[in-house]
Structures are given as C-alpha cells and as structure tokens.
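So you can see what is in the structure, the chains are spelled out below.
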Amino acid sequence: MATLPTIFVLNGPNLNLLGTREPEIYGADTLDDIAGALEDRARALGVRIDMRQSNHEGHLIDWLHEANATGAKAVILNAGAFTHTSIALHDALKSIRVPVVEVHLSNPHAREAFRHRSFVAPVARGTIAGFGAMGYELALDAAARL
Ligand code: DQA
C-alpha cells in the first residue's frame, strides 16, 4: 500500500497544559483528546498525522524544516504565544514550500491587543481561530484538501 500523505500538527508553548490551562478560554479538551479526534478524522480523510508539541521555539523551527524536507502535504500550526512574537518562526515559514494552516483555539482578535498581531498569518495559507478544539479538525479538513 502506498504511504499516506503526512500532515504535521505542531503545537507551541503551554499547549501541553490544555485541559487545565484557563479552561474558560481554551476548553476542557487535552492535547491528547485533540490528537485522538484528529487520528479518527485523518483515517476518514486518508491522511496520516504527525502531532507534536514543544515549549521551545527552536524545536518548532526544526520541525517546520523537517516537514518541508520530508515532503509533508501540509502543516497545521498552533504556535501559541510565539505567534505574536517570533520573527524566527515567520522566517522559517517563509523559507519552506509546504502549506501551513494557522490554528488557534481562542479568537486572538477578541482578546488583548498584544494578541492581535500574528507573525504566522502573513505566511500561512489561512487561519482558523475561535472554534476551540474543533478548529483542529476544521484545519485538518482544509489541509487534506489543499
Ligand atoms: C493560542 C492563542 C495565543 O494567543 C496564546 O498565547 C496561546 C494559545 C490559542 O490557541 O488560542 O498560547 O494560540
């Protein structure tokens, strides 16, 4: 059987704490819950997901390079607070050819002003924000159809 197209799902800082971290903003689902739902959806869509989380900016950058080098079909990226700060992430995204879907559980535009700027958005194919854990599934649907 031919290998299924791979979609990287990369998660940035503090997202390992989902479920207990400000649940009124980010919801009750853990990252493992989200991974489980994505695995089911991926099977239905005929793709494979490679889901990772790191609190370290450099890991996310290395993984973006890896997604590109290994010919991943797409990347779903929730860069957490690095979204609003990281020019290094912006440059990495500009350097790769694999399409990126930016995801946020919350709607950063409905929150503090410092969350209104995204260094990811200008170099992403599109953004899904404000739909909680469901946003990851919407992003996977989009990524699988690119
Ligand atoms: C977030 C939004 C960011 O502003 C925040 O720093 C996060 C999570 C989200 O998924 O809603 O860590 O990316």
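This section reports on the structure supplied with the text. (Residues numbered from 1 in each chain as written. Predicted model: local features only at pLDDT ≥ 70, side-chain atom pairs only at ≥ 80, totals over all residues. Heavy atoms only, no water.)

## Considering the site of the ligand
Neighbouring the ligand are the residues Arg 21, Tyr 26, Asn 78, Gly 80, Ala 81, His 84, His 104, Leu 105, Ser 106 and Arg 115. Here an oxygen atom of the ligand sits 3.0 Å away from a polar atom, N or O, in the side chain of Arg 21. One nitrogen or oxygen atom from the side chain of His 104 is found 2.8 Å from an oxygen atom belonging to the ligand. When the ligand sits alone it has 320 Å² of accessible area, and the protein chains cover 99% of it. Looking at the shell around the ligand, its residues break down into three nonpolar, five polar and two charged. (Near = heavy atom within 4 Å. Polar contact = N/O pair within 3.5 Å; in protein donor to acceptor, adjacent residues only side chain to side chain. Areas by Shrake-Rupley, 256 points an atom, 1.4 Å probe, with all protein chains shown as cover. Nonpolar A, V, L, I, M, F, W, Y, C, P; charged D, E, K, R; others polar.)

## Looking at the pattern of salt bridges
Enumeration according to the criterion identifies six salt bridges in this entry. Put simply, Asp 40 and Arg 43 hold a salt bridge, and the shortest N to O gap is 2.8 Å. In this pair, Asp 40 and Arg 43 are both assigned in helix H2 (residues 31–45), three residues apart and thus about one turn of the helix distant. By relative accessible area, Asp 40 is classed as partly exposed at 47%. Residue classification places Arg 43 among the exposed residues on the basis of a relative accessible area of 60%. Residue Arg 115 is joined to Glu 112 by a salt bridge in which the shortest nitrogen-to-oxygen separation is 2.7 Å. Judged by its relative accessible area of 35%, Glu 112 falls in the partly exposed class. Each of the salt bridges in this network shares a partner with another, and the network as a whole consists of Asp 50, Arg 52 and Glu 66. (Salt bridge = Lys/Arg side-chain N within 4 Å of Asp/Glu carboxyl O. Helix = DSSP H or I, 4+ residues; strand = E, 2+ residues; numbered from the N terminus. Buried < 20%, exposed > 50% of the residue type's maximum accessible area, 1.4 Å probe, protein only.)

## What about the packing of H2 against helix H5 (residues 134–144)?
As a packed pair, H2 and H5 sit with axes 10 Å apart at the nearest point and diverge in direction by 30°. Viewed along their axes, H2 and H5 adopt a mutual orientation that is roughly parallel. The hand of the H2/H5 crossing is right-handed. Between H2 and H5, the contacting residues are Leu 31, Ile 34, Ala 37, Leu 38, Arg 41, Ala 42 and Leu 45 on the first element and Tyr 136, Glu 137, Leu 140, Asp 141 and Ala 144 on the second. Residues of the contact of H2 with H5, tallied by class, amount to nine nonpolar, no polar and three charged. (Axes fitted to C-alpha atoms, helices over the stretch in contact; angles between N-to-C directions. Parallel < 35°, antiparallel > 145°, perpendicular 65-115°, else oblique. Left-handed = near helix turned anticlockwise from the far one by under 90°. Contact = heavy atoms within 4.5 Å.)

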